[in-house]
Amino acid sequence: MTLTSPLPAAEARPAATWRDYLAMARPDHWVKHVFIVPGIVLAHLLHPAREDWPLLAIALGFLSAAAVASANYVLNEWLDAEHDAFHPTKSGRVAVGKRIRGGWVVAEYLALAGLGLALAAAVSSLFLALSGAFLVSGIVYNVPPLRSKDVAYLDILSEAVNNPIRLTLGWAMIDPSTLPPGSVLLAYWLGGAFLMAVKRLAEYRAVSETVGAKALGRYRKSFRRYSERSLLVSTFLYAQLAAFFLAVFLIKYRVEYLLSLPLFAALFGAYLRVGLKPASAAQSPERLFRERSIVVLLALLTAALVLLTVVDLPLLERLSSPHYIELPLR
């Protein structure tokens with residue numbers, strides 16, 4: 001098979017084994033649940049009276065999120081096989097090269113979704129509702145006739161909505177009676193949109209350079225409406241909006257964190273730089289931890305946030321109230 005040919009007939013492919021079906025659940029992608037951690041931390045920071053850590057709820061919550069995410073991955077890989085055949089790396093996925101039985105895929109999806117929801121119910125009713133929303137987002141994104149991934153810009157925004165869902169999952173592990181502030185949810189959503197837009201840009205460049213521009217629309221229908229320039233401009237827009245809502249949240253809840261904004265900006269810049277590399281790791285976010293610049297900036301940002309959590313700087317309070325610079329009278 002070549003990347004510019006249709007998916008081969010089922011009889012021309014070897015039958016998938018149980019290991020192949022397990023691979024479709026993509027356990028290597030569970031690293032993305034690191035986006036849950038800030039929700040856990042925020043819930044503690046904004047509820048300082050709470051001193052205990054509900055370790056059982058946290059453990060069950062992570063297991064639930066992993067199962068639900070894997071259910072979405074199984075659905076994604078099965079329904080995307082015809083399109084993934086035109087991608088230079090995704091063409092190596094199980095559903096492209098092996099003969100997959102739809103009945104087994106449905107059974108695996110239902111088993112993972114059921115496990116995820118059962119574990120979620122043991123955490124809290126809020127966590128269960130969020131896990132249901134996580135599953136619904138996967139259906140909206142992947143399943144026709146909804147299939148939001150085929151619509152330019154909506155594909156980015158609908159996939160990025162998983163970020164605030166993950167943040168709130170972390171929050172619900174600690175405080176199942178409230179929701180995080182709207183400003184931080186919007187910042188997380190638009191920050192996720194920035195990440196997804198950079199991923200689309202990296203995919204656009206990879207497919208057009210290795211397979212050919214004609215394959216772009218066959219790999220992903222939304223690419224028929226995109227250009228390299230429009231994707232790059234969209235990353236700038238999402239980054240600006242994310243920074244705005246992040247600043248709103250920081251000023252309202254702990255103004256000292258504003259001093260960390262340059263590190264947030266540097267992290268966004270480093271990620272875009274990675275996205276512009278040939279064969280970019282931005283196409284596979286689970287590989288980003290191999291990028292030294294990303295790891296170093298994440299470490300610096302974490303250290304800065306920890307320091308700014310315990311250090312009070314009263315002078316910064318003036319940033320949250322009207323103030324004019326007074327000039328000496330003539």
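Procedures and definitions
- Residues numbered from 1 in each chain as written.
- Predicted model: local features only at pLDDT ≥ 70, side-chain atom pairs only at ≥ 80, totals over all residues.
- Heavy atoms only, no water.
- Helix = DSSP H or I, 4+ residues; strand = E, 2+ residues; numbered from the N terminus.
- Buried < 20%, exposed > 50% of the residue type's maximum accessible area, 1.4 Å probe, protein only.
- Salt bridge = Lys/Arg side-chain N within 4 Å of Asp/Glu carboxyl O.

Asker: Looking at this structure, I do not really get unusual backbone geometry. What am I missing?
Answerer: Following Pro144, the chain continues into Pro145 via a peptide bond in cis, with omega recorded as 5°. As for its placement among the helices and strands, Pro145 is situated in the loop between helix H6 (125–142) and helix H7 (154–160). Here Arg26, not a glycine, exhibits a phi torsion of approximately 50°, which is positive. Position of Arg26 relative to the elements: it lies in the loop between helix H1 (18–24) and helix H2 (37–45). According to the relative accessible area criterion, Arg26 is buried, its value standing at 8%. Of note in this structure, Arg147 is not a glycine but carries a positive phi near 35°. Among the structural elements, Arg147 can be located in the loop between H6 and H7. Among the residues examined, Arg147 registers a relative accessible area of 8% and is labelled buried.

Asker: Teacher, can you tell me more about the pattern of salt bridges here?
Answerer: It is possible for side chains bearing opposite charge to pair when their charged atoms get close. Inspection of every chain in the model, using the stated rule, returns 15 salt bridges. Here Glu203 ties to Lys90 by a salt bridge, and the two come within 2.9 Å at their closest N and O atoms. Residue Glu203 is found in helix H9 (residues 182–210), and its partner Lys90 is found in the loop between helix H3 (55–84) and helix H4 (94–97); the two are separated by 113 residues along the sequence. No difference in accessibility class separates Glu203 from Lys90, as the two residues are buried. For Arg200, the salt bridge identified is with Glu159, shortest N-O distance 2.9 Å. Here Arg200, found in helix H9, pairs with Glu159, found in helix H7; they are 41 residues apart in sequence, far enough to count as distant. Overall, the relative accessible area of 0% leaves Arg200 in the buried class. Several salt bridges share partner residues, and in doing so they unite Lys90, Asp155, Glu159, Lys199, Arg200 and Glu203 into one network.

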